[in-house]
Structures are given as structure tokens and as C-alpha cells.
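The primary structure of each chain is shown beneath.
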Amino acid sequence: MLKHYTKHKLFVPEYANVDYDSASDIIIGHAEERNSFGVSALAVHGLIESITNPKLRDVIDQIDMIVPDGQPVRWALNSFYKLGMKDRVYGPELTLRVLEKANKKNLRVYLFGSTESTLGLLEKFIDRQFPNVIISGVHIDRFREATPEEDQADIVKINESEANIVLVGRGCPRQELWVANHKDKVNAAMMAVGAAFDFHAGTLKQAPSWMQKNGLEWLFRLMMEPKRLAKRYFVTNTRFIFEFLKYKIFYKQPYRLK
């Protein structure tokens, strides 16, 4: 029996009140049944994208379970809803929890996105750490949107692989858009997990645990990739603070009523 969970709207998206254990159980439950089920680990960057990107804003609610990836997101949800969330649900860690449970059930996993070299390293990591997980297919990112014909071929390929889980590592918001737009088309639990591909492949270092717990992972990643991430973090972090204060002080609620 699938676990029940509540959703709580923050600015635009609805976040699930889950922890690692309940979230991974829910995903595995849908994966075993090969239900078309969408998951996103949405941190501050993705949350702000849902406000500023009309394409994402229009489809974000098609994703079944959005988990609070970032500590600031968790803090905001606790502030508005008094949920008492003890930890965030970090995409890379959630991926490991799901793979651990998939390993016990010999489930089939499809890798969608990223580069050929990263996917090769990720496959080796999964084979080493989770030997009972079956890699049913791999799709190297085109780094552009697929044509309708290509997209249909992708869907057929994934479904014919009998994948239980599709891990999607295309970067935000491309991965969220892909998951949302493939609901009821791909017969699997689809997880938009961002940097999990690079972290577990070993091509990108993760922040120390103390930085993660204190919401400073963005600073660590900024130091690792200053040219690529400087604008993103300074703009999105500032916008997040602005939005939080606007909703907390001015609207006095976590989202605007229609």
C-alpha cells in the first residue's frame, strides 16, 4: 500500500511533506507497479525558476511529488506551515536511498541525460554499489530539445526497456520540464535529480556535511564553479529572500490566492 503524504504550496510549486524514508518508499511503490509518476528534488534555484520561467510555472503541478531539496526551502516551509521538517530531502541522497531499495527488489533503472563520460562512470558506480539493480538503458543528452519524432522514439525505447525508474539528470529546469511533459507517457517513476549524476559519477565534489546542514552548499559549489554559478546563486538567492519576505510580511501566507 502506497504511503499518503500531504502537499504544501510555497510561492508556486507544491512541496511534499516527506523525509528520505517515506519519499523513497513512495517512489519504489510506484516503480514496482511501473506507474507514470513524476518526482523532482527542487531547491532554491528550481523554486525561483518556477516563478520566473512561464514554461515551468505552467506544468510544475504535473509533477506528482516535489521534495524540498534545499535547506532554505525546508526553513521556509517550516516557517509558513509549522511542519517541523527535520531535514531537507536532497536529490543526490534520495537517489542513493531509492537505488538501495531498488537493489533489494532487482528493479530496472534507466539513465536519461548528461554526457557519455559521466553516464559511463555513473553506470560503474551503480554496478559496484548496487549490483542487483539492472541498468535497462542509457540516453546521452542531446543538449537541445528533442523533435516530436525523437521524443516519441525516446518514449518507446524507455517503455520497451521495462524500466521501473528513470533517473533524469538534465539540469534545472530542463529535467523538471521533461518529467512534467512525460507524465502518462513513460511507464515508470521519473526522478529529476540534478547534480546526482555528477556527484555519484565522481566528476563533481559534494559540499562537506556541515555546509549542507547549514544551507551553505551553494557557497561550496560557487567556489568550485565560480564562472558558471556566480550569476545563478547571487540572483536566485537574492530573489528567494525577496520572495520569502514578500509573502511572509506583505501577503502573510505562503502563496497568493487566485
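Residues numbered from 1 in each chain as written. Predicted model: local features only at pLDDT ≥ 70, side-chain atom pairs only at ≥ 80, totals over all residues. Heavy atoms only, no water.

1. Concerning the pairing of strand 8 (residues 189–192)
Successive side chains on a regular strand alternate, one facing one side of the sheet and the next facing the other. Along strand 8, one buried face is formed by Ala189 and Met191 and the opposite face, lined by Met190 and Ala192, is buried too. In the sheet, strand 3 (residues 37–42) pairs with strand 8 via 4 bridges, with the strands oriented parallel. What sits directly across from Gly38, in strand 8, is Met190. With 4 bridges joining them, strand 7 (residues 165–168) and strand 8 adopt parallel strand pairing. (Buried < 20%, exposed > 50% of the residue type's maximum accessible area, 1.4 Å probe, protein only. Helix = DSSP H or I, 4+ residues; strand = E, 2+ residues; numbered from the N terminus. Pairing = 2+ DSSP bridges.)

2. Comments concerning the nonpolar core
Counting 40 residues, the largest nonpolar core has Val18, Met65, Leu94, Ile165 and Met191 as its most contacted members. Broken down by element, the residue count for this core peaks at 6 residues, all from helix 1 (residues 20–33). Once you skip the residues sitting within four places of it in the chain, Ile165 turns out to touch Ile28, Ala31, Val98, Ala102, Leu107, Arg108, Val109, Tyr110, Ala188, Ala189 and Met191. Counting 36 residues, the second-largest nonpolar core is a separate cluster that includes Leu42, Val44, Met85 and Tyr110. (Core = buried A, V, L, I, M, F, W, Y, C linked by side-chain atoms within 4.5 Å. Contact = heavy atoms within 4.5 Å.)

3. Thoughts on the packing of aromatic side chains
Counting across every chain of the model gives 8 aromatic pairs. By way of ring pairs, the aromatic residues Phe11, Phe240, Tyr247, Phe250 and Tyr251 are connected into one cluster. The ring of Tyr90 carries Arg88 above its face, with NZ or CZ at 3.9 Å from the centroid. Taking the ring centre of Phe80 as reference, the NZ or CZ of Lys248 above it sits at 4.9 Å. (Phe/Tyr/Trp six-rings, centres within 6.5 Å; stacked < 30°, edge-to-face > 60°. Lys NZ or Arg CZ within 6 Å of the ring centre and 35° of its normal.)

4. Some thoughts on helix 8 (residues 174–181)
The buried fraction of helix 8 is high, at 6 of 8 residues. Here helix 8 has its buried residues at Gln175, Glu176, Leu177, Trp178, Val179 and Ala180. Those residues of helix 8 that are buried are in contact with strand 3, helix 3 (54–59), strand 5 (108–112), helix 7 (148–160), strand 7 and strand 8.

5. A short note on the pattern of salt bridges
As enumerated under the stated definition, the model contains 17 salt bridges in all. Linking Asp64 and Lys183 is a salt bridge whose minimum nitrogen-to-oxygen distance equals 3.1 Å. Within this pair, whereas Asp64 is found in the loop between helix 3 and strand 4 (65–68), its partner Lys183 is found in the loop between helix 8 and strand 8, the two being separated by 119 residues in sequence. Assessed through its relative accessible area of 17%, Lys183 is described here as buried. (Salt bridge = Lys/Arg side-chain N within 4 Å of Asp/Glu carboxyl O.)

6. Observations concerning the side chain of Asp141
If you trace the backbone, Asp141 turns up in the loop between strand 6 (134–139) and helix 7. Within the structure, the side chain of Asp141 is placed 3.4 Å from the side chain of Arg170, a separation counted as a polar contact. Asp141 has contacts with Gly113, Ser114, Arg170 and Arg174, leaving out every residue within four places of it along the chain. (Polar contact = N/O pair within 3.5 Å; in protein donor to acceptor, adjacent residues only side chain to side chain.)

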